[in-house]
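# Structural overview
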Amino acid sequence: MTDSTSSEKIALVTGASRGLGAAIAEALAPNFHVVAVARTTGGLEELDDRIQAKGGKATLAPMDITNVDAMAQLCRSIHDRWGKIDLWVHTAIHGAPLTPAGHIDPKDWDKSVKINLDATGRLIPFLTPLLGQDGHAVFFDDPHGGEKFFGSYGATKTGQIALAKSWQVENTNIGPKVSILSPNPMPTGLRARFHPGEDRAPLAHPRDEAARLLTELGL
């Protein structure tokens, strides 16, 4: 049974503690009640402080998206409280260290598959009923598939976007709407792992990129 807040617009942001995810969650807060999911409790609490300072509201969910039981419980809690989600923004990602394909560490490979691919494949069925016909899901492409040394990240990120594209075309006439956007390069921890020593000055600030992307979405 939903409560009196069910008329609120609800945005679920997975990977909300830092980088683009945090910037988008903060930018959405004036118009959405943000459910912020990430493993890093400190990052979520800092996000909550910024959202509250702007007069917004957030529900913090310090969870690992690879924990199927936790994600199922989260979706159940969202259903019981609000009955729906208006927007899902999926920014959670794992960037394994760059390495030749013949030297991929099994732990890095397993983590990449679990976070980048498996979690997406489980979240889509969990969230489809909550999004309904009118909801909107957003993914972010970062095409490195087939590039040298990007084996773990490139293969699993490409797989994630392929899954999102299938969901997108399947739902063209029935909803929910699925958008796949291409962010400009930002000085995030993920990019620093792939481009150590890069001059970060020309890169887009996550806050500015979040504003641009949300404008592109019409939000």
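In what follows, the accompanying structure is described. Note that the coordinates shown come from a computational prediction; the quantities given were computed from them, not determined experimentally. (Residues numbered from 1 in each chain as written. Predicted model: local features only at pLDDT ≥ 70, side-chain atom pairs only at ≥ 80, totals over all residues. Heavy atoms only, no water.)

What follows deals with the overall build of the chain. The number of helices and strands found in the chain is seven helices and six strands. Mapped from its N terminus to its C terminus, the chain presents α and β elements in the order β-α-β-α-β-α-β-α-β-α-β-α-α. A globule of 219 residues ought to have a C-alpha radius of gyration of about 17 Å, and the chain, at 17 Å, matches this closely. Oriented by its inertia axes, the alpha-carbon framework of the chain measures out at about 55 × 35 × 30 Å. The buried share among the 219 residues of the chain stands at 43%. (Helix = DSSP H or I, 4+ residues; strand = E, 2+ residues; numbered from the N terminus. Rg over C-alpha atoms; globule rule 2.2 N^0.38 Å. Buried < 20%, exposed > 50% of the residue type's maximum accessible area, 1.4 Å probe, protein only.)

Another aspect to go through is unusual backbone geometry. Residue P176 is bonded to the preceding G175 through a cis peptide linkage, with omega at 5 degrees. Secondary-structure assignment places P176 in the loop between α5 (151-170) and β6 (177-181). In this structure, F149 takes a positive phi of about 75 degrees despite not being glycine. In this structure, F149 sits in the loop between β5 (136-140) and α5. What makes F149 partly exposed here is its relative accessible area of 41%.

Another aspect to go through is helix α3 (residues 68-81). Compared with an ideal rise of 1.5 Å per residue, which puts 14 residues at 20 Å, α3 spans 20 Å between its outermost C-alpha atoms and is within 8% of the ideal. All of the buried residues in α3 are A70, M71, L74, C75 and I78. Within α3, the buried residues cover an arc of 135 degrees as seen down the axis, which keeps them to one side. Looking at the buried residues of α3, the elements they touch are β1 (10-14), β2 (33-38), β3 (58-62) and α4 (106-131). One side-chain oxygen at the N-terminal end of α3 lies 3.2 Å from the backbone nitrogen of D69; it belongs to N67. (Expected span 1.5 Å × (residues − 1). Arc of directions from axis to C-beta. Contact = heavy atoms within 4.5 Å. Polar contact = N/O pair within 3.5 Å; in protein donor to acceptor, adjacent residues only side chain to side chain.)

On to the packing of aromatic side chains. Under the criterion given, the structure shown has six aromatic pairs. When the centroid spacing of 5.3 Å and the interplanar angle of 75 degrees are considered together, the rings of W88 and F139 count as edge-to-face. With W88 in strand β4 (residues 87-90) and F139 in strand β5, this pair connects stretches of sequence that are 51 residues apart. Overall, W88 belongs to the buried group, its relative accessible area being 0%. Classification of F139 as buried rests on a relative accessible area of 0%. Ring centres of F139 and W167 lie 6.2 Å apart, and the angle between their planes is 80 degrees; on these two criteria the pair is classed as edge-to-face. Taken as a pair, F139 in strand β5 and W167 in helix α5 lie far apart in primary sequence, 28 residues in all. (Phe/Tyr/Trp six-rings, centres within 6.5 Å; stacked < 30°, edge-to-face > 60°.)

Ranked by size, the top nonpolar core spans 28 residues in total, and within it L12, W88, L127 and F139 carry the most contacts. Those elements that place two or more of their residues in this core are β1, β2, α3, α4, β5 and α5. For this core, the leading source of residues is α4, giving seven residues. In terms of nonpolar packing, the next biggest core, distinct from the first, is built from 26 residues, V13, A25, V34 and V138 among them. (Core = buried A, V, L, I, M, F, W, Y, C linked by side-chain atoms within 4.5 Å.)

On to the pattern of salt bridges. Across all of its chains, the model carries eight salt bridges by this definition. We note a salt bridge from E8 to K57, for which the minimum N-O separation is 3.0 Å. Residue E8 is found in the segment before β1, and its partner K57 is found in the loop between α2 (41-53) and β3; the two are separated by 49 residues along the sequence. Between R212 and E209 there is a salt bridge; the shortest N-O distance is 2.5 Å. With R212 and E209 both in helix α7 (residues 206-216) and three residues apart, this pair spans about one turn of that helix. Within this structure, E26, R50 and K54 form a network of salt bridges that share partners. (Salt bridge = Lys/Arg side-chain N within 4 Å of Asp/Glu carboxyl O.)

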